[in-house]
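Descriptive analysis of the structure
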Amino acid sequence: MVTNNAMYFSQIHPERDRYVFGPGDTVVAFAQANNMRLRGHTLIWHNMLPSWVAEGKFTREDLAEILKSHITTIVGRYRGKIAEWDVVNEAIEKDGSLRDTFWRRNLGPDYIDQVFRWAHEADPDAALFYNDYDGEGLGVKSDGIYNLVKGMRERGVPIDGVGLQMHLRLEAPPNPKDVADNIRRLGALGLKVDITEMDVRVKLPATAEKLADQARVYSAILNASLSIPGFNALVLWGFTDRHTWITAKFPGYGAPLLFDEDYQSKPAHETMSKGLDRH
Ligand code: XIL
């Protein structure tokens, strides 16, 4: 499972001298009680920044110190309890270049290397991931991600894997063969590849035909990925259509997950289960 909202910067560290660990501790305890592997999400992102950071007017040195202490505190607190961390989220632009974010502007372009090193110091056993969207198949953005992580490997930065978010739109899924090729080239760098946030949104109304198509998209991605060296996990961004970010974020779309709003199994759930059984 994933920490979802509990560990966004603004949630867990809303003021300079105040951390809010309650929700994170609850998720960690739940995962432990139920023997679930837990993914921490996410240390560095351009979203979910608290205003004390974004509007703080810190010097570069101060900000580096703040960030180091943030990462050390959180990763250290959950050391041994969070198996994977999404260390940096969405740092590459559509055109494959490094995104112009608050962190890049204020810390310089090598901030990514630096934060992976801090996270590794805080928990040497956690697997550290770079995580992004729209870079699942082949293209300029996935080339940008590939080049970023290849450079990190060459520089000896402690990165263990790449997360492919896989937020798909039923009308425009990536070509499964491209996804397989992308996983293969990332795996060849010695990295793990996780599908980290899969959902497949449907233009409403979600007819039986659309849900059958959705099942085909889910299983095509699963089947294309399963046997590729490096492929490590497929994580869904929720499980019931009753609770999903899609309805608020993409008006007119919905029904992206494997169970419907009444917690009933959908065709995508059937085909995914069969795909896993066959493997
Ligand atoms: C979504 C979440 O579901 C929300 O709870 C939160 O409001 C932010 O948006 N890429 C990510 C996730 O890495 O953190 C985002 O989560 C979806 C896109």
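The sections below set out a description of the structure shown in this document.

The rules we used
Residues numbered from 1 in each chain as written. Predicted model: local features only at pLDDT ≥ 70, side-chain atom pairs only at ≥ 80, totals over all residues. Heavy atoms only, no water. Buried < 20%, exposed > 50% of the residue type's maximum accessible area, 1.4 Å probe, protein only. Helix = DSSP H or I, 4+ residues; strand = E, 2+ residues; numbered from the N terminus. Pairing = 2+ DSSP bridges. Right-handed = clockwise from strand over helix to strand, strands pointing away. Salt bridge = Lys/Arg side-chain N within 4 Å of Asp/Glu carboxyl O. Axes fitted to C-alpha atoms, helices over the stretch in contact; angles between N-to-C directions. Parallel < 35°, antiparallel > 145°, perpendicular 65-115°, else oblique. Left-handed = near helix turned anticlockwise from the far one by under 90°. Contact = heavy atoms within 4.5 Å. 1 Å grid on protein atoms, 1.4 Å probe; cavity = no way out; pocket = protein on both sides within 12 Å on 5 of 7 lines; lining within 4 Å. Points joined across faces, edges and corners; volume = space filled by probe spheres on them. Nonpolar A, V, L, I, M, F, W, Y, C, P; charged D, E, K, R; others polar. Patch = residues over 30% accessible without salt bridge, like charges linked within 9 Å, V, L, I, M, F, W, Y side chains within 5 Å. Areas by Shrake-Rupley, 256 points an atom, 1.4 Å probe, with all protein chains shown as cover. Near = heavy atom within 4 Å. Polar contact = N/O pair within 3.5 Å; in protein donor to acceptor, adjacent residues only side chain to side chain.

A short note on the pairing of strand β3 (residues 127-132)
Most of β3 sits inside the fold, with six of its six residues counted as buried. Because side chains alternate across β3, one face comprises the buried residues Ala127, Phe129 and Asn131, and the other comprises Leu128, Tyr130 and Asp132, equally buried. As paired elements, strand β2 (residues 84-89) and β3 share five bridges and run parallel to each other. Bridging across to β3, Val88 finds its partner in Tyr130. Bridging between β3 and strand β4 (residues 161-164) involves four bridges; their strand directions are parallel. Note that in β4 the partner of Phe129 across the bridge is Gly161. As a crossover connection, the stretch from β3 through helix α7 (residues 140-154) into β4 is right-handed.

Here we look at the pattern of salt bridges
One pass over the full model with this rule turns up 16 salt bridges. Here Arg169 ties to Glu171 by a salt bridge, and the two come within 4.0 Å at their closest N and O atoms. Looking at Arg169, the relative accessible area reads 33%, which means it is partly exposed. What makes Glu171 partly exposed here is its relative accessible area of 43%. In this structure, Arg242 and Asp262 form a salt bridge, with 3.8 Å as the shortest nitrogen-oxygen distance.

Some words on the packing of helix α9 (residues 208-226) against helix α11 (residues 267-278)
Two numbers describe how α9 lies on α11: the axes approach to 8 Å, and their chain directions differ by 25°. Our classification of the angle between α9 and α11 gives roughly parallel. Seen from above, α9 lies across α11 with right-handed handedness. When α9 is examined against α11, the residues Leu211, Gln214, Ala215, Tyr218, Ser219, Leu222, Asn223 and Leu226 are found in contact with a partner set consisting of Pro267, Ala268, Thr271, Met272, Gly275, Leu276 and Arg278.

Some words on empty space enclosed by the protein
The tally for this structure, following the rule as stated, stands at one cavity of 30 Å³ or more. For the largest cavity, the calculated volume is near 30 Å³. Surrounding the largest cavity, Tyr8, Phe9, Thr42, Leu43, Ile44, Trp45, Asn47 and Met48 form its lining. Looking at the lining of the largest cavity element by element, the count peaks at three residues for strand β1 (residues 39-44). Classifying every residue of the lining of the largest cavity by side-chain character gives six nonpolar, two polar and no charged.

What to know about a nonpolar patch on the surface
A surface patch of nonpolar side chains, about 270 Å² in accessible area, is lined by Met1, Phe30 and Met36. Structurally, Met1 is set in the segment before α1 (9-12).

What to know about the site of the ligand
For the ligand, the set of nearby residues contains 13 residues, the closest of which are Asn5, Tyr8, His41, Glu197 and Trp237. Between the ligand and the protein, one listed contact pairs a nitrogen atom with a side-chain N or O atom of Glu90 at 3.2 Å. Gln165 is positioned with one of its side-chain polar atoms (N or O) 3.2 Å from a nitrogen atom of the ligand. In isolation the ligand offers 410 Å² of accessible surface; the protein chains occlude 80% of this area. Taken together, the residues of the shell around the ligand sort by class into five nonpolar, six polar and two charged.

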